[in-house]
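Commentary on secondary and tertiary structure
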Amino acid sequence: MTKIKLSECKTNKTYLVCDLKEENKEIILQLKNLGFSVGEKVELIKSNYRKKSFLVKVMGINYAMDKSICDKILVKYE
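Summarised in this report is the structure supplied together with it.

About the thresholds
- Residues numbered from 1 in each chain as written.
- Predicted model: local features only at pLDDT ≥ 70, side-chain atom pairs only at ≥ 80, totals over all residues.
- Heavy atoms only, no water.
- Helix = DSSP H or I, 4+ residues; strand = E, 2+ residues; numbered from the N terminus.
- Buried < 20%, exposed > 50% of the residue type's maximum accessible area, 1.4 Å probe, protein only.
- Disulfide = S-S within 2.5 Å.
- Pairing = 2+ DSSP bridges.

Examining the environment of K5
Its place among the elements puts K5 in strand β1 (residues 4–5). Residue K5 is classed as partly exposed on the basis of its relative accessible area of 33%. Between the alpha carbons of K5 and V75 there is a distance of 6.2 Å; along the sequence they are 70 residues apart.

A short note on the state of the cysteines
Per the counting criterion, the structure on display carries 0 disulfides. Cysteine C70 remains unbridged, with the sulfur of C9 as its closest cysteine sulfur at 8.8 Å. Exposure remark for C70: the relative accessible area of 0% places this residue in the buried category.

Quick look at the pairing of strand β4 (residues 53–58)
In β4, alternate side chains face the same way, and those of F54, V56 and V58 are buried while those of S53, L55 and K57 on the opposite face are not. As defined by bridge partners, strand β3 (residues 41–47) adjoins β4 across 5 bridges and the pair is classed as antiparallel. Residue pairing for β4: E43 is matched across the bridge by K57. Count of turn residues in the β3/β4 antiparallel hairpin: 5 residues, of which K51 carries a positive phi of about 55°.

Structural measurements only, silent on function.
See below:
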């Protein structure tokens, strides 16, 4: 299966987190604390008009995230 960025996902489809492409260990730790760990189900609920921010659901909780962070979360279709 091909990996895609979370920001490129279709809305209301369930994906699995494959990898976190971030060099900053603190950001990776924070993402894992929020539930973005490998193998976790994630869903893109909505994006704003210019796709600069996204509403993402993981572990039943909705988070608003910037595109730069969503670009570093790689997912695959469930």
